[in-house]
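Results of the structural survey
One-letter residues, chain by chain:
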Amino acid sequence: MVTLIRILRHTFRFPLQSALSLLMALSCASLVLVLPSITMEFIDVIIVKKRPDLIIPTALIGISAILLRQAIFTLRTYYNNSLELKLTHLIRLELYDKLQRLPVKWFDSNSSGEVMSRVANDVPATNRIIIEGVDQAIAALFQFLIVVGYMFWHSWQLTLVTLVPLPFIAILTTWWSRRSEPLWRESAEANSALNAILHDNLAGIRQIKAYTVEPQALESFDKASRKVGEKTMSVMRGQALVWPAVSFIAESGIILMVAFGAWSALHGQIQPGVVVSFLVAWGFLFDPISRINNLSQTFTRGIVSAERVFAIIDTPDEANLTDGLKPLALSGHVQFKNVSFSYSGDSPTINDLTLEAMPGQTIALVGATGAGKSTVLNLLTRFYEPTHGNIFVDGVSLAELSKEWLRDQLGYVTQESFLFNTSLRENLLLAKASAEDDEIWAALEAANAADFVRATQDGLNTLAGERGSRFSGGERQRLSIARALLKNPPLLLLDEATSALDNHTEYLVQQALENLRSDRTCFVIAHRLSTVQKADRICVLHHGKLIEQGTHLELLALKGTYVKLCEATFANNPRRNT
Ligand code: ADP
């Protein structure tokens, strides 16, 4: 009920259109009485009282009323479709807006395919509740009441007999509605799982091909797809049994009605025309009942979908996204004070970390894979919040700052330099919407990216391809450096590539990074000896703990973990020493 009220509230955003749609539905319903009335007129007046003069006027009235009904019906279909599209757009937008405001942590546990399935399938199914569920159900109920009223007016005894099947149909459809709800839920979940697999496999299609695991991928897709079929089939099976049962009860009612009508007419209690008109009206009486039976399925399915959509909409926003302090400028003084953090809540990923970066300094983070280096950067961007301790920039706790403001001050160049499948210009303008082409080219020059962009046929208008697939790893990295240069942030977070680049490309990337690092506070996950040598401070992380810190020479003198790390990481890979 709560879900239904929430959906209806969306409809009230279009009050005029909703009211018009309902009004037209009610008018259509009222006009169904034309056919039984005309039939009765033909039998009891024109035939019995021998009035041939009334044939043409009665027929004309009947045809006009039917024409009017169809005209209203056409308009109603148009209005309903337009209302449905507007509602779908509204809820889809609300859902997408919400997705952008959810914390990064939420995306760790919800797959893209699953989310896409909610946006693509569950939003339209939710709106079917309004159009088919509410609008049609109200119209059907109204039609039912009007026809029953008409019948009562002519013979209450015959009406009561006609309505005998009704309670049985009500019991059966209510039972099935309850029974099918979990089945619809399972079917929606199976659909989401299928989408998640599809999305994952398409994203990893190169890996699937490279490792020749196409048969296994096909098998997992086959399993998921089969499950969707099985889950949907269990609903359909039920429906296939319930629907004939409803029809059987309803149609047995006709025999009962005609038999009783014949008996009443024989005893002179009613005119024969009343029985025939009841027969015609019967169609209009049971049409809403059968429609309600179908609608109850749309309804049940829609409620399940709506719950899935609202579950996302009700997830709390990322805290502090827009509210919080927005200082005028940032000089780039960063302090971590006794910061601890855990992704899962058990063992800490970052353990009691205390470190300081003065404005303009470069801090190199080193350590084995999984030591927690990327996590330090994730905490600085506030993608995740520390479980203990505090991080300060320019003396202000991160928790007090607006996240949007903070992220505006940050340049974040990651290993997987993501490009959207739009033009290069649009990709670069993400960093600074107002940048002119001259400025973009200057950033590309400084990032050593201008040459290869110039060499493309369309220059800045070149499409980047999905995830930037049109460009090589080294090119993507330099484009993302250019993006950061264009943003010109006071604080820079850098993840040096571990992917093997050829000597020349690596030299170009490194030079670009040098240009980017100058004059700003920089936290860099270092993989190259040259980076750590130049860093103002090197922080050695081990299982989330800061175990050594100092300059390259200081740490060499310590002869501790850093020296071992240098030997393992840099000595074996002379190319990294450049
Ligand atoms: P590094 O950058 O030093 O290689 P990370 O900071 O990426 O290390 O990871 C530190 C630890 O946290 C690893 O054990 C990793 O598996 C875990 N981890 C990283 N990201 C997540 C995440 N989103 N959810 C759960 N655990 C994570």
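Look up a bit, the structure's there.
The text that follows walks through the structure, step by step, so that each part is easy to find.

Rules behind the numbers
- Residues numbered from 1 in each chain as written.
- Predicted model: local features only at pLDDT ≥ 70, side-chain atom pairs only at ≥ 80, totals over all residues.
- Heavy atoms only, no water.
- Phe/Tyr/Trp six-rings, centres within 6.5 Å; stacked < 30°, edge-to-face > 60°.
- Helix = DSSP H or I, 4+ residues; strand = E, 2+ residues; numbered from the N terminus.
- Buried < 20%, exposed > 50% of the residue type's maximum accessible area, 1.4 Å probe, protein only.
- Pairing = 2+ DSSP bridges.
- 1 Å grid on protein atoms, 1.4 Å probe; cavity = no way out; pocket = protein on both sides within 12 Å on 5 of 7 lines; lining within 4 Å.
- Points joined across faces, edges and corners; volume = space filled by probe spheres on them.

1. Section: the packing of aromatic side chains
- Following the criterion strictly, the structure yields 12 aromatic pairs and no others.
- Geometrically, the ring pair formed by Phe-260 and Trp-263 is stacked, given 6.0 Å between the ring centres and 25 degrees between the ring planes. One end of the pair is Phe-260 and the other is Trp-263, both in helix 10 (residues 214–266) and three residues apart, which spans about a single turn.
- Summarising the aromatic geometry, the rings of Phe-452 and Phe-471 are spaced 5.9 Å apart at their centres and angled 55 degrees between planes, so their arrangement reads as tilted. With Phe-452 in helix 16 (residues 450–455) and Phe-471 in the loop between helix 16 and helix 17 (473–487), the pair connects residues that are 19 residues apart, well separated along the chain.
- What makes Phe-452 buried here is its relative accessible area of 13%.
- Since its relative accessible area comes to 5%, Phe-471 is described here as buried.

2. Digging into the sheet that holds strand 4 (residues 388–393)
- With respect to topology, four strands assemble into an open sheet ordered 2-1-4-5, the strand pairing being antiparallel. Looking at which strands have only one partner, the edges of the open sheet turn out to be strand 2 (350–357) and strand 5 (396–397).
- Across two bridges, the pairing between strand 4 and strand 5 is antiparallel. Paired with Val-393 across the two strands is Val-396, which belongs to strand 5.

3. Side note on unusual backbone geometry
- For Lys-50, which is not glycine, the phi dihedral falls at a positive 50 degrees.
- Along the chain, Lys-50 turns up in the loop between helix 3 (34–47) and helix 4 (55–101).
- Note on Lys-50: relative accessible area 66%, which makes it exposed.

4. As for the layout of surface pockets
- The calculated volume of the second largest pocket comes to roughly 350 Å³.
- Along its surface, the second largest pocket is lined by 23 residues, and Gly-367, Ala-368, Thr-369, Lys-373 and His-527 are the ones closest to its centre.
- Breaking the lining of the second largest pocket down by element, the ones donating at least two residues are helix 12 (373–380) and helix 21 (561–571).
- For the lining of the second largest pocket, the element with the most residues is helix 21, which contributes five residues.

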